[in-house]
Amino acid sequence: MNKIMPLKTSAAAPECRSSREARWWTLGVLSLLMGFASISTDIYLPAMPAMGQALLASPGAVEWTVSGYLVGFSLGQLFWGPVSDRYGRRMPVATGIMIFIIGSVLCACAGSIGSLIVWRVVQALGASAGVVLSRAMVRDLYEGHHAVRMLSTLITVMAIAPLLGPIVGAQILSIGGWRAVFGVLAVVGIATLAAIFTLPETLPSTRRHHEPLSRAFLRYGELLTTPRLLAYTGAGAFFYGGMFAYVAGTPFAYISFYHVPPRYYGLLFGAGILGIMATNMLNARLAHRIGSDRMLRFGTFQAAAAGILVALAAWGGYGGLWGLVVPLFIFASATGFIVANSISGALNVSPERSGSVSAFVGAAQYGSGILGSGLIGVFADGTPWPMGWVVALTGVGSFLCALALLLHYGGSRGQKD
């Protein structure tokens with residue numbers, strides 16, 4: 001199997017330069033594919049009030065455009081994984097992006113909130129192909145700590161989307177209205193589709209699975225009986241539940257409960273994004289020295305400890321606003337040590353089915369994210385406490401999954417990497 005590895009000599013300078021340029025181009029395209037989830041959501045957030053006014057919909061109904069997207073995104077990953085293991089990566093991801101383009105155009109043309117929700121689901125089904133297959137392509141091209149480094153780099157680049165998305169979306173809204181936001185997403189999809197065909201097919205025919213797709217889908221049941229895979233998946237999925245609770249809960253906790261002016265909320269939220277980017281870069285440098293399993297355990301311990309502090313601050317009001325902001329920043333920053341290492345670990349359990357495993361991991365992450373954000377709404381009581389206990393519970397759950405890897409498997413990957 002050919003693996004893309006770092007260049008170790010300086011001979012043949014033109015070839016080296018060409019190889020470096022190819023790697024950077026691959027990095028850029030894969031980053032764009034992984035960022036589709038954030039791009040498709042964050043860029044249209046500033047337009048939500050205008051959408052509600054134009055379509056005569058309540059704020060709650062407009063929120064369903066986000067929930068519908070997450071549901072479609074989670075389920076879509078389960079479809080694209082087995083398809084890519086059978087037919088390769090490039091054509092399925094191209095098909096998904098075409099569906100995304102169609103969904104974006106139909107969103108721009110929606111005449112009611114109901115139709116907009118439906119087309120958002122279609123949009124998500126297409127976008128999910130880019131995210132799940134970009135992870136599989138990384139596993140096709142890289143292995144060991146190189147895969148962890150690549151995933152960390154991709155996630156770092158992807159973290160820029162939540163910072164820039166709302167800013168770009170607000171500018172598009174002011175110039176062309178809310179429908180123009182979806183028009184821009186369609187253009188982004190078209191550009192991505194063109195870029196995909198500049199990448200090589202990363203899964204050769206000799207490594208594809210030729211069993212019927214019906215049997216391939218049934219093999220998700222086999223993944224549920226693989227304890228090591230479940231441990232890696234659980235470490236990331238529990239943490240995702242806490243992160244979505246953090247996203248859903250902080251606007252109310254900061255703005256409504258602690259009376260932070262809305263214009264400053266973005267600064268507090270953006271600090272967490274910067275923390276995520278910093279830890280991802282640190283993980284990319286240290287995973288090959290310390291071991292990805294050890295980095296995963298450190299990150300989940302960080303998340304568990306910070307989550308408990310968040311719960312205590314939310315319950316007793318200790319430290320006021322900053323008593324909540326600081327541990328939430330620490331919790332969010334653990335992303336850099338948890339996500340890439342848990343995904344890489346899961347993919348290494350069954351590399352011959354990396355498409356299906358990537359889909360399984362992604363569906364579990366976004367499924368737990370839906371659950372985490374949903375619990376905030378169900379148990380809302382006018383205080384930050386619901387967010388606090390959900391964040392604490394998910395942080396501890398993530399740590400226990402990482403600890404299970406050490407107790408039952410000895411953290412061997414940490415030694416070998």
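Shown above is the structure to which this text applies.
Residues numbered from 1 in each chain as written. Predicted model: local features only at pLDDT ≥ 70, side-chain atom pairs only at ≥ 80, totals over all residues. Heavy atoms only, no water.

### Describing the packing of helix H12 (residues 227-257) against helix H17 (residues 354-378)
How we decide: Only the stretch in contact is used when fitting a helix axis, every axis being a line fitted to C-alpha atoms; angles between N-to-C directions are given from 0 to 180 degrees. Secondary structure elements are defined from DSSP: runs of H or I of at least 4 residues count as helices, runs of E of at least 2 residues count as strands, and each element is numbered from the N terminus. Crossing handedness: left-handed means the near helix sits turned counterclockwise from the far one by under a right angle, and right-handed means the same turn made clockwise. Any two residues whose heavy atoms approach within 4.5 Å at even a single point are treated as in contact. Side-chain classes follow a simple rule in which Ala, Val, Leu, Ile, Met, Phe, Trp, Tyr, Cys and Pro form the nonpolar group, Asp, Glu, Lys and Arg form the charged group, and the remainder, Gly included, forms the polar group.
Running from amino to carboxyl end, H12 crosses H17 at an angle of 35 degrees, the nearest separation of the two axes being 7 Å. When the axes of H12 and H17 are compared, the crossing they make is right-handed. Between H12, through Leu-229, Leu-230, Thr-233, Gly-236, Ala-237, Tyr-240, Gly-241, Phe-244, Ala-245, Ala-248 and Gly-249, and H17, the contact on the second element is made entirely by Val-357, Phe-360, Val-361, Ala-364, Gln-365, Tyr-366, Ser-368, Gly-369, Gly-372, Ser-373 and Ile-376. Tallied by class, residues from the contact of H12 with H17 come to 13 nonpolar, nine polar and no charged.

### Concerning the nonpolar core
This is how the line gets drawn: For this analysis, a nonpolar core means a set of buried residues of the types Ala, Val, Leu, Ile, Met, Phe, Trp, Tyr and Cys, connected via side-chain atoms within 4.5 Å. Partly exposed describes any residue whose relative accessible area lies between the buried limit of under 20% and the exposed limit of over 50%, with all areas from a 1.4 Å probe on protein chains only and scaled to the type maximum.
Among the nonpolar cores identified, the biggest contains 107 residues, and Phe-182, Tyr-254 and Leu-324 are the most heavily contacted of them. No other element matches the 12 residues that H12 contributes to this core. Aside from chain neighbours lying at most four places away, what touches Leu-324 is Ala-253, Tyr-254, Tyr-258, Val-310, Ala-313, Ala-314, Pro-384 and Met-387.

### As for the environment of Leu-78
Looking at the element boundaries, Leu-78 is found in helix H4 (residues 59-87). Look at Leu-78 and you get partly exposed, because its relative accessible area is 28%. Filtering out sequence-adjacent residues up to four positions away, Leu-78 remains in contact with Phe-217, Tyr-220, Ala-359, Phe-360 and Ala-363.

### Observations concerning helix H15 (residues 320-333)
Selection rule: Here a helix's expected span is defined as the number of its residues, less one, multiplied by 1.5 Å.
Across its 14 residues, H15 extends 21 Å between first and last C-alpha, which sits within 8% of the 20 Å expected from 1.5 Å per residue. For H15, the set of buried residues is Leu-321, Gly-323, Leu-324, Val-325, Pro-327, Leu-328, Phe-331, Ala-332 and Ser-333.

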